[in-house]
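The primary structure of each chain is shown beneath.
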Amino acid sequence: MPHNPYSRLFAIPGATAFTLGNLVARLPMGMFSVSAVIMISGVRGSYALAGAVTATGLAATAVVAPWTARLVDRHGQARVAVPATLVAALGSLSLVLCVRYGAPDWTLFASYAATATTPNTGGMSRARWAHLLKGDARAVHTANSFEQAADELCFMLGPVLAAFLCGTFFPQAGTLIGVVLLVTGVLVFAAQRATEPPPHDRRDPTDTSAATKSLLRARGMPALLIGFLATGAVFGSLEVVTIAYADGQGHKAAAGVVLALQAAGSCAAGLVYGAAKPRGSLGRRHVLCAAAMAAVMTLPLLAVASTGSLIVLSVALLCAGMATAPTMVTAMTLVQRRTPEGRLNEGMTLAVTGLLGGIACGAACGGWAVEHLGTAAGYGVPVAAACCALLLSSAQACATSTRARLRRRRPAPPHVSSAV
């Protein structure tokens, strides 16, 4: 086997094929929200409406996605992902038509909410890696880092492609191309059946605990999901505020490039983090990564407040992105460790659901801050969200260490003699 940890991953038969299909399916994830903001704000003239519509769609996804993931775990990825993708594609096409022909505002909310059935392609890919690499913790760490870097790559290229299409051709072009890529990628990914994890629906019919017990009751899972909510708010607010700031500077088409630099920094940091050997406990690494994210998120705010230069802001976002991927990698690994076997898609989708819910809240808060406080003050929203993520990860690490100390101090049960 090659010594490069990433080369070792793709030496596994079938890994390259499902990864390529998944990357094509994931690219629109970085396009849809930016395309919707540009399309709605350009036609309707309101960033608040655009942010509210995207927030509604992400909130709907937060509700529907865990249910879709549970179906994936029970019936298999290919059987569920393809029809779910087709329903989501119809929702995106409905949004395009409603914006194009001046339908009432409520139709925009309804159409974007219909896209909530979009399957979590990143989670399905991580589930395949966990199935193929079972028992190899170092390889799983590398695979999770690669998947996070792939997420960032898609969110780096997606906004650039969306802004280019919407600005060069017509406002609906980004959404239409995104639909084509999503459907094509999911079909290619679903066709790779050799690496697909087997469905886990073979439960004892007399034992209903596995079917009814919610993953939200798993130890440490609620705190992790709230941490994903805060991290998502960082991403959502940065996106809306940056688009509005670039528009205010007279360079709306450059918003995608500026956002791409933030994703580029995260992508590079994720690849480096995955190649390095992890040291220390996972909880401690999570706290350190969250602290770094909270610190560097102040850079965009300082850049806008002190210089007002779009170029300086771009550099600040590049640096800020370097702390987000390691934070996400450690958090996703924690989720995998705390999710029961056979429910990995559901567990990771709950994490992504928390992330999307945070993106929705961040987008809404960022849009409100831009319209009422100004774009410079809007960059205070991701700083506050990053600080919340740090506090949550620190509290969770403290609780975990306290439980460990109590277990060590607990006296052993007294020995009972069996003599007669």
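Residues numbered from 1 in each chain as written. Predicted model: local features only at pLDDT ≥ 70, side-chain atom pairs only at ≥ 80, totals over all residues. Heavy atoms only, no water.

What follows covers the pattern of salt bridges. For the coordinates displayed, the defined rule picks out two salt bridges. With its nearest N and O atoms 2.9 Å apart, the salt bridge here joins E196 to R193. By relative accessible area, which is 51% here, R193 ends up exposed. (Salt bridge = Lys/Arg side-chain N within 4 Å of Asp/Glu carboxyl O. Buried < 20%, exposed > 50% of the residue type's maximum accessible area, 1.4 Å probe, protein only.)

Tallying each qualifying case throughout the model produces three cavities of 30 Å³ or more. In terms of lining, the largest cavity is formed by 44 residues, of which the most central are M29, L58, F155, L356 and I359. Per element, the largest residue contribution to the lining of the largest cavity is seven residues, and it comes from helix α17 (residues 344-373). Residue composition of the lining of the largest cavity, by class: 24 nonpolar, 15 polar and five charged. The computed volume of the second largest cavity comes to approximately 120 Å³. (1 Å grid on protein atoms, 1.4 Å probe; cavity = no way out; pocket = protein on both sides within 12 Å on 5 of 7 lines; lining within 4 Å. Points joined across faces, edges and corners; volume = space filled by probe spheres on them. Helix = DSSP H or I, 4+ residues; strand = E, 2+ residues; numbered from the N terminus. Nonpolar A, V, L, I, M, F, W, Y, C, P; charged D, E, K, R; others polar.)

Here the focus is the packing of helix α7 (residues 121-132) against α17. A pair of packed helices is captured by two measures, namely the crossing angle of their axes and the spacing between those axes. Remark: α7 packs on α17, axes separated minimally by 9 Å, with the N-to-C direction vectors making an angle of 140°. The angle between α7 and α17 falls in the class oblique. The interaxial crossing formed by α7 with α17 has right-handed handedness. Where α7 abuts α17, its residues G123, M124, R126, A127 and A130 lie against L344, N345 and M348. Here the contact of α7 with α17 is built from residues that sort into five nonpolar, two polar and one charged. (Axes fitted to C-alpha atoms, helices over the stretch in contact; angles between N-to-C directions. Parallel < 35°, antiparallel > 145°, perpendicular 65-115°, else oblique. Left-handed = near helix turned anticlockwise from the far one by under 90°. Contact = heavy atoms within 4.5 Å.)

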